[in-house]
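# Residue-level structural notes
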Amino acid sequence: MSIVNPGFFGRRRGPSDRIPPGQYATEEFPVLSAGPTPNIHLDRWAFTITTEAGVEHTWSWDELQALPHETPTVDIHCVTTWSKLDTSWEGVSLDVLLEDVETAADYALVHSYGGYTTNLPLDDLLEGQAWVVFGYEGGPLAPEHGGPARLLVPHLYFWKSAKWVRGIQLLLQDEPGFWETLGYHEYGDPWREQRYAGD
Amino acid sequence: MTTQHEYVDGNRLAGPLADVFAVDITAASTSCIGCGRRSVVAQLHVYVVGEGYVARCPGCQDPVLRYARTSTGGVLDLRGTLSLQVPLPG
Ligand SMILES: [Zn+2]
């Protein structure tokens, strides 16, 4: 129950318009992991894009930091039904990382330290829709939230925003990832409640 | 935010896996494809994400058993398990 006029907070529009069906808004940032938090040293960290032809494009931590940074503020939506509005991040756009990559692929399989994977169409990583982020709310991204770096694809359910990201494999054929092989939706649009295969 | 214990023990699987198995699966034993270690299901390290359950080998941390309740039914993945030994009554 609100005791102040919604306009008091100066939002662009009512927060309820920004909560997809079946979701609730939280101020918390729940920690959900499908496995142990990997211990990753920055001097051994690397991010690699591998094309369907097997060509590898690799960035060290310092090389990633030298690329232009962006600071997106976005709403995130977890399939376990929480949403968090106006989260602010710092990272490098996938448009920058994919700029010089020659590919005819339509699909991407994201790989993480610790073995996690998730799949999505390559188009969903382009045109300002996705980042490799290493900063959260003005500080470094904490390990339990995917640090040193995670993928951020806020227009899809948050399991697509792989924690501890280490690379992206570009594919001509779609290949299901960790949760997708266990019956989760191949695309995962929160506004269409695509939680599970067939939704 | 304080970091909570990341996983719980395999007894957490008793309820969800009663969807699938008629026996108490937490008393069964599994052998891990990754490292060969045999574990009682109750000893596995279980990561709970909503209605998704990932049970990992205490030796090598590979997933040996995964289960999810989805909108169309339960999905069980045993690809990390070499064999599952179930105690039989009698
Ligand atoms: Zn093992």
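The structure reproduced in this document is the subject of the present report. Keep in mind that this is a model prediction, so the values were computed, not measured.

Residues and elements named next belong to chain A. Reading across from one edge, S3-S2-S11-S6-S7 is the order of the 5 strands in this open sheet, with mixed pairing throughout. In this open sheet, the two edge strands, each paired with only one partner strand, are strand S3 (56–60) and strand S7 (117–121). Adjacent strand axes in the sheet meet at a mean angle of 15° when their direction is disregarded.

Before going further, it helps to spend a moment on the sheet that holds strand S2 (residues 29–32) of chain B. Within a sheet, neighbouring strands are paired by backbone hydrogen bonds and run either parallel or antiparallel to one another. Residues and elements named next belong to chain B. Spatial strand order, S3-S2-S8: 3 strands in an open sheet with antiparallel pairing. Single-partner strands in this sheet number two, and they are strand S3 (38–40) and strand S8 (81–85). Here the strands of the sheet are splayed against their neighbours by 25° on average, with no regard to which way each runs. When S2 meets S8, the two strands line up antiparallel, connected through 4 bridges. Along S8, the bridge assignment pairs serine 29 with glutamine 85.

Here we take up the coordination of the zinc ion. Expected angles at a metal are 109.5 degrees for tetrahedral coordination by four donors and either 90 or 180 degrees for octahedral coordination by six donors. All names here are of chain B. Looking at the zinc ion, the protein donor atoms are Cys32 (SG), Cys35 (SG), Cys57 (SG) and Cys60 (SG), and they sit 2.3 to 2.4 Å from it. Classification of the site at the zinc ion as tetrahedral follows from its 4 donor atoms and the range of 100 to 119° in their angles at the metal. Mapped onto the polypeptide sequence, the residues donating to the zinc ion form the spacing pattern C-x2-C-x21-C-x2-C. Placement of the pair is cysteine 35 in the loop between S2 and S3 and cysteine 57 in the loop between strand S5 (52–56) and strand S6 (63–70), with a sequence separation of 22 residues.

Any two aromatic rings considered together are summarised by their centre-to-centre distance and by the angle between their planes. As enumerated under the stated definition, the model contains 17 aromatic pairs over all chains in all. A centroid spacing of 6.0 Å and a plane angle of 70° characterise the contact between Phe29(A) and Trp82(A), whose relative ring orientation is edge-to-face. Residue Phe29(A) is found in the loop between strand S1 (24–25) and strand S2 (46–50), and its partner Trp82(A) is found in strand S5 (residues 82–93); the two are separated by 53 residues along the sequence. We note that Phe29(A), like Trp82(A), is buried. Relative to Tyr136(A), the ring of Phe29(A) has its centre 5.2 Å away and its plane inclined at 55°; by these criteria the two rings are tilted. Pair noted here: Phe29(A) is in the loop between S1 and S2 and Tyr136(A) is in strand S8 (residues 131–136), with a separation of 107 residues, a long-range link. For Tyr136(A), a relative accessible area of 16% gives the class buried. Taken together, the ring pairs in this structure connect Tyr116(A), Tyr157(A), Trp159(A), Phe178(A), Trp179(A), Tyr184(A) and Tyr196(A) into an aromatic cluster. Geometry around Tyr47(B) places Arg56(B) over its ring, the cationic atom sitting 5.8 Å from the centre. In this structure, Arg66(B) is placed above the aromatic ring of Phe178(A), and the distance from its NZ or CZ to the ring centre is 4.4 Å.

So, on to the interface of chain A and chain B. On the side of chain B, 23 residues touch chain A, which itself brings 21 residues to the contact. When the two sides are added together, the surface that chain A and chain B hide from each other amounts to roughly 1,700 Å², 60% of it contributed by carbon and sulfur. In terms of surface lost to chain B, no three residues of chain A exceed Pro36(A), Leu182(A) and Tyr196(A), which account for 31% of the buried area on that side. Between chain A and chain B we count 0 salt bridges in total. Counting every contact that joins chain A to chain B gives 6 residue pairs in polar contact (both at pLDDT 80 or more). When the residues that make up the side of chain A that touches chain B are grouped by side-chain class, the tally is 11 nonpolar, 7 polar and 3 charged.

So, about the pattern of salt bridges. A full pass over the atoms with the stated rule returns 9 salt bridges over all chains. Glu193(A) is paired through a salt bridge with Arg195(A); the nearest N and O atoms lie 3.2 Å apart. Exposure remark for Arg195(A): the relative accessible area of 9% places this residue in the buried category. When the shortest N-O distance is used, the salt bridge between Arg69(B) and Asp19(B) registers 2.7 Å. Remark: Asp19(B) occurs in the loop between helix H1 (14–17) and S2 and Arg69(B) occurs in strand S6; sequence separation between them is 50 residues.

What counts, and where the lines are drawn
- Residues numbered from 1 in each chain as written.
- Chains lettered and ligands numbered in written order.
- Predicted model: local features only at pLDDT ≥ 70, side-chain atom pairs only at ≥ 80, totals over all residues.
- Heavy atoms only, no water.
- Pairing = 2+ DSSP bridges.
- Helix = DSSP H or I, 4+ residues; strand = E, 2+ residues; numbered from the N terminus.
- Axes fitted to C-alpha atoms, helices over the stretch in contact; angles between N-to-C directions.
- Donors = N, O, S within 2.8 Å, 3.2 Å for Na, K, Ca; no water.
- Tetrahedral: all angles 85-135°; square planar, octahedral: opposite > 155°, others 65-115°.
- Phe/Tyr/Trp six-rings, centres within 6.5 Å; stacked < 30°, edge-to-face > 60°.
- Buried < 20%, exposed > 50% of the residue type's maximum accessible area, 1.4 Å probe, protein only.
- Lys NZ or Arg CZ within 6 Å of the ring centre and 35° of its normal.
- Contact = heavy atoms within 4.5 Å.
- Buried area = accessible area lost by both parts, 1.4 Å probe.
- Salt bridge = Lys/Arg side-chain N within 4 Å of Asp/Glu carboxyl O.
- Polar contact = N/O pair within 3.5 Å; in protein donor to acceptor, adjacent residues only side chain to side chain.
- Nonpolar A, V, L, I, M, F, W, Y, C, P; charged D, E, K, R; others polar.

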